[in-house]
Amino acid sequence: MQVPAPFDYKRASTLAEAIALLRECGPDSRVIAGGHSLLPMMKLRLARPEVLIDINHLSELDYIKVDGNTLKIGAMVRHVTLQKSHLAAEYYPIFAEAEEQIADPLVRNRGTVGGSLCQADPAEDLSAVFSALKADILIAGSYGTRKLPISEFHTGPYTTALNPDEILTEIDVPLRSNTGSAYEKVERRVGDWAIAAVGTMVRVDDGLISEAGIGLTAVRADHFRAKEAEDSLLGRSPSTEAIAEAASLAARHCNPFADQRGPEDYKRHLVEELAKRALSRALNRSLPEVH
Amino acid sequence: MRVNMSVNGVEVSDEIEPRLLLVHFLRENLRLTGTHWGCDTSNCGTCTVLMDGMPVKSCTVLAAMASGSQITTVEGLGANGELDPVQQGFIEMHGLQCGFCTSGMMLSARWLLDHNPNPSEKEIREAISGQICRCTGYENIVRSIKWAAAHSQNSGVQQGVEA
Ligand SMILES: Cc1cc2nc3c(=O)[nH]c(=O)nc-3n(C[C@H](O)[C@H](O)[C@H](O)COP(=O)(O)OP(=O)(O)OC[C@H]3O[C@@H](n4cnc5c(N)ncnc54)[C@H](O)[C@@H]3O)c2cc1C
Ligand code: FES
Ligand code: FES
């Protein structure tokens, strides 16, 4: 029987209370959101917090809304809520496409968007999604709040820029016109993590690509991002050649390693093929007619 | 610490260690052994119960986190001595062999039919896709849930509302 090591449990009912508790209980305390990464790690003693601060009752962090030119997603939004959100899908179909392939329906009922990003598992799907969308991360701590681009949030496998007394509160995604997005993932079976996955966002203005985001997961891309591939698309007209070139750059500039999910060359091949598909679909969706 | 929750419509309260998982609280403290406990790694779904109306893996929820919630286990299916149509469906269509996955499967099925009374085969398979059955090959589970859909008037669960 796997059981976590003993800890103290505290339930926060507001963000301010959660931050105060984190400060009071010190660096050996951790917040618990859905618990679907943290509890398995605690059972294996890979994590051993002394105090767990339950943030499941922070309804103030559970929202998906548009404010001005920004789609705002609260940290406590469950995977299932983002998966089914018409508002999120209307602007960015990548959300529903990625979410329906994350874990399984039972995990999606509990796991949260904030928990996914903070867990920073190298195969986390939402890290690739928010990298493609060039999102900003909002963070609150006892000193106040700060905002980081997603490219500065993940600092390595399982590590983030968060200080021990900070909480991720919101993810901000800029709304863009003439923009399409898509997600492509290959997994061994339902509920498994990606062998490789690619998320894309492309904006086309006056027939030329004016903005591109390509997020990769499970293939050790720096900050879950294929920057060289993104840059190669800027100023080009959307064409099969441009897509193929970007896909090939994405496959070259990641660092997959062989494991039980497959050998390195297979993973690179997947990245290239999935990038092509996700870029084509995003480009199709960027056309104003296809809404 | 003290936890209070409603389990199958009955208010329960107990003194527990914070590290106690919901599945063990149900099985050991409340002796509701219909909820099974399998992989321990959040993968098999045999421990599925409804928490505030949503199917969850009870091995990956602390009993402390469930305090204040409404929990439905397989013992809460059916009412007034009558089986829930989902339970009857598993009998009629031979939806089980060893029965290890069955209570979890039936709770996901109940949730599905409460939200989608007439699901397609694809929707049924999607709803149980977080749960593993080592015996049936799933075919008869899908048939059982279809049987329940065809023979359902309304839910046998006393609670479990979700937006
Ligand atoms: C069987 C299974 C399959 C899975 N498959 C996939 C998959 O295919 N793809 C995928 O992307 N994920 C997958 N996951 C992970 C799933 O998405 C988790 O739910 C997610 O990684 C963590 O979210 P959580 O809310 O459960 O976080 P928790 O487990 O509660 O927390 C994870 C970490 O983040 C910290 N944390 C949580 N929220 C905050 C916050 N707001 N601010 C600061 N720190 C915070 C916690 O302290 C902890 O360190 C899978 C999980 C399981 C159990
Ligand atoms: S025992 Fe809970 S998922 Fe297997
Ligand atoms: S009936 Fe044996 S595991 Fe499903």
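Before going further, it helps to examine the overall build of chain B. Within chain B, the regular secondary structure consists of six helices and five strands. Listing every helix and strand of chain B by position from the N terminus yields β-β-α-β-β-α-β-α-α-α-α. The C-alpha radius of gyration computed for chain B amounts to 15 Å, which stays within 12% of the reference 15 Å derived for 163 residues, consistent with globular compactness. Taking all 163 residues of chain B together, 56% fall into the buried category. Across chain B, every contact between residues at least 6 apart in sequence was considered, and the portion connecting residues at least 24 apart equals 61%.

This part is about the site of ligand 1. Around ligand 1 lies a shell of 32 residues, among which R30(A), V31(A), L38(A), T112(A) and D125(A) are the nearest. Nearby residues around ligand 1 are contributed by chains A and B. The side chain of S37(A) places a nitrogen or oxygen atom 2.7 Å from an oxygen atom of ligand 1. With respect to ligand 1, the side chain of D125(A) contributes an N or O atom lying 2.7 Å from a nitrogen atom. For ligand 1, whose accessible area on its own is 970 Å², the fraction buried by protein is 95%. Broken down by secondary-structure element, the contributors of at least two residues to the shell around ligand 1 are β2 (29-32), α7 (113-119) and β10 (167-174) of chain A.

Turning our eyes to something else, we now look at the interface of chain A and chain B. If you look at the interface, chain A gives 31 residues, while chain B gives 30 residues. Between chain A and chain B the total buried area reaches about 2400 Å² when both faces are included, carbon and sulfur atoms providing 63% of it. Applying the counting rule to chain A against chain B returns three salt bridges. A salt bridge links K57(B) to D104(A), with the shortest nitrogen-to-oxygen separation between them at 2.7 Å. Our enumeration of links across chain A and chain B arrives at eleven residue pairs in polar contact (both at pLDDT 80 or more).

Residues and elements named next belong to chain A. Summed over the entire model, instances satisfying the criterion amount to two aromatic pairs over all chains. Judged by centre distance (6.3 Å) and plane angle (85°), the rings of Y92 and F95 are edge-to-face. On the basis of relative accessibility, which here comes to 1%, the residue F95 falls in the buried class. Their ring planes at 55° and their centres at 5.7 Å tell us that F95 and F130 sit as a pair that is tilted. With F95 in helix α5 (residues 94-99) and F130 in helix α8 (residues 125-132), this pair connects stretches of sequence that are 35 residues apart.

A separate point is the nonpolar core. Membership of the largest hydrophobic core comes to 53 residues, with the highest contact counts inside it found for L71(A), I73(A), L82(A), Y92(A), F95(A) and F130(A). Among residues more than four places away in sequence, those in contact with Y92(A) are L71(A), L133(A), V173(A), P174(A), L175(A), R176(A), T179(A), S181(A) and M201(A). Y9(A), M41(A), M42(A) and C59(B) belong to the second largest nonpolar core, which has 33 residues in total.

Next up on the list: the domain arrangement of chain A. All names here are of chain A. Domain parsing of chain A yields domain 1 (8-54), domain 2 (59-174) and domain 3 (179-286). Using C-alpha coordinates to define each centre, domain 1 is positioned 19 Å away from domain 2. At the boundary of domain 1 with domain 2, total buried surface from both sides reaches about 1200 Å², with 72% on carbon and sulfur atoms. Broken down residue by residue, the surface that domain 1 buries against domain 2 is led by L15, I19 and H36, which jointly contribute 40%. Here domain 1 is connected to domain 2 by zero salt bridges. Seen at the junction of domain 1 and domain 2, the total is one residue pair in polar contact (both at pLDDT 80 or more). With five residues, the top contributor of residues to the side of domain 1 that touches domain 2 is helix α1 (residues 15-25). In terms of residue class, the side of domain 1 that touches domain 2 is built from eight nonpolar, five polar and one charged.

The rules behind these values
- Residues numbered from 1 in each chain as written.
- Chains lettered and ligands numbered in written order.
- Predicted model: local features only at pLDDT ≥ 70, side-chain atom pairs only at ≥ 80, totals over all residues.
- Heavy atoms only, no water.
- Helix = DSSP H or I, 4+ residues; strand = E, 2+ residues; numbered from the N terminus.
- Rg over C-alpha atoms; globule rule 2.2 N^0.38 Å.
- Buried < 20%, exposed > 50% of the residue type's maximum accessible area, 1.4 Å probe, protein only.
- Contact = heavy atoms within 4.5 Å.
- Near = heavy atom within 4 Å.
- Polar contact = N/O pair within 3.5 Å; in protein donor to acceptor, adjacent residues only side chain to side chain.
- Areas by Shrake-Rupley, 256 points an atom, 1.4 Å probe, with all protein chains shown as cover.
- Buried area = accessible area lost by both parts, 1.4 Å probe.
- Salt bridge = Lys/Arg side-chain N within 4 Å of Asp/Glu carboxyl O.
- Phe/Tyr/Trp six-rings, centres within 6.5 Å; stacked < 30°, edge-to-face > 60°.
- Core = buried A, V, L, I, M, F, W, Y, C linked by side-chain atoms within 4.5 Å.
- Domains from an automatic or database assignment.
- Nonpolar A, V, L, I, M, F, W, Y, C, P; charged D, E, K, R; others polar.

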